[in-house]
Amino acid sequence: MDLKLKLCSKSGNTLTHDHKINFGRSKINFAIIPCKQTSSVGFGLIIRDWEGFVLATMEDRLNSHCHPAFNQACGLLKVFSFCLDTGFWQIKIDCEDLTLVSLLHERPPIRAEIGLLVDEIVELVGNF
């Protein structure tokens, strides 16, 4: 799969890494934070322009899932949906989950619940 945007992992074993944001491109950071007390997951995103100025933020709650990559996939799906709905077309997204980044780049056949989310994310990427 050829992503039309940069999807990076912050871990030491990054697939791609680019500190510079090109003119006209927005950088998106998002975080997934589990809350043990409520069995939910907090979600937040921030979108900055190429100069670092904040353009948009969002926060929400997701249903909790035991696997971190599944939670990251839910968050990433929200990021893409938000970007499409608000008109952010040229984006670079930092994703902390190397497993999810690998699944999106390599597209192996997945027979688990996360496979449906990965397929949905790939379908949304086609809209950029």
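In this text the structure is predicted, and so the values were computed from the model without any measurement.

**Considering the confidence of the model for the protein chain**
Here comes step 1: Per-residue confidence for the protein chain gives a mean pLDDT of 78; residues scoring 70 or more make up 82%.
Here comes step 2: Counted against residues more than four places away or in other chains, residues 1–6, with its pLDDT under 50, gives 18 contacts.
Here comes step 3: Overall, residues 11–18 carries pLDDT values under 50, and its contacts beyond four positions in sequence, including any with other chains, amount to 14 contacts.

**Quick notes on the pairing of strand 3 (residues 40–48)**
Sheet faces and side chains relate simply in a regular strand, where the side chains alternate between the two faces.
Here comes step 1: Where strand 2 (residues 26–35) and strand 3 come together, nine bridges link them in antiparallel fashion. When the sheet's bridge partners are listed, A31 is paired in strand 3 with G44.
Here comes step 2: Here strand 2 hands over to strand 3 after four residues, with S39 in that stretch at a positive phi of 55°.
Here comes step 3: Examined bridge by bridge, strand 3 and strand 4 (residues 54–63) share nine bridges and lie antiparallel to one another. Looking at strand 4, one finds that G42 is bridged to R61.

**Quick look at the packing of helix 2 (residues 98–106) against helix 3 (residues 113–125)**
Here comes step 1: At a minimum axis separation of 10 Å, helix 2 and helix 3 run at an interaxial angle of 60°. Looking at the two axes, helix 2 sits oblique to helix 3. Considering how the two elements wind past one another, helix 2 and helix 3 form a crossing that is right-handed. Taken together, the residues of helix 3 that come into contact with helix 2 (itself represented by L100, L103 and L104) are I114, V118, I121 and V122.
Here comes step 2: By residue class, the composition of the contact of helix 2 with helix 3 is seven nonpolar, no polar and no charged.

Definitions and cut-offs
Residues numbered from 1 in each chain as written. Predicted model: local features only at pLDDT ≥ 70, side-chain atom pairs only at ≥ 80, totals over all residues. Heavy atoms only, no water. pLDDT = per-residue confidence, 0-100. Contact = heavy atoms within 4.5 Å. Pairing = 2+ DSSP bridges. Helix = DSSP H or I, 4+ residues; strand = E, 2+ residues; numbered from the N terminus. Axes fitted to C-alpha atoms, helices over the stretch in contact; angles between N-to-C directions. Parallel < 35°, antiparallel > 145°, perpendicular 65-115°, else oblique. Left-handed = near helix turned anticlockwise from the far one by under 90°. Nonpolar A, V, L, I, M, F, W, Y, C, P; charged D, E, K, R; others polar.

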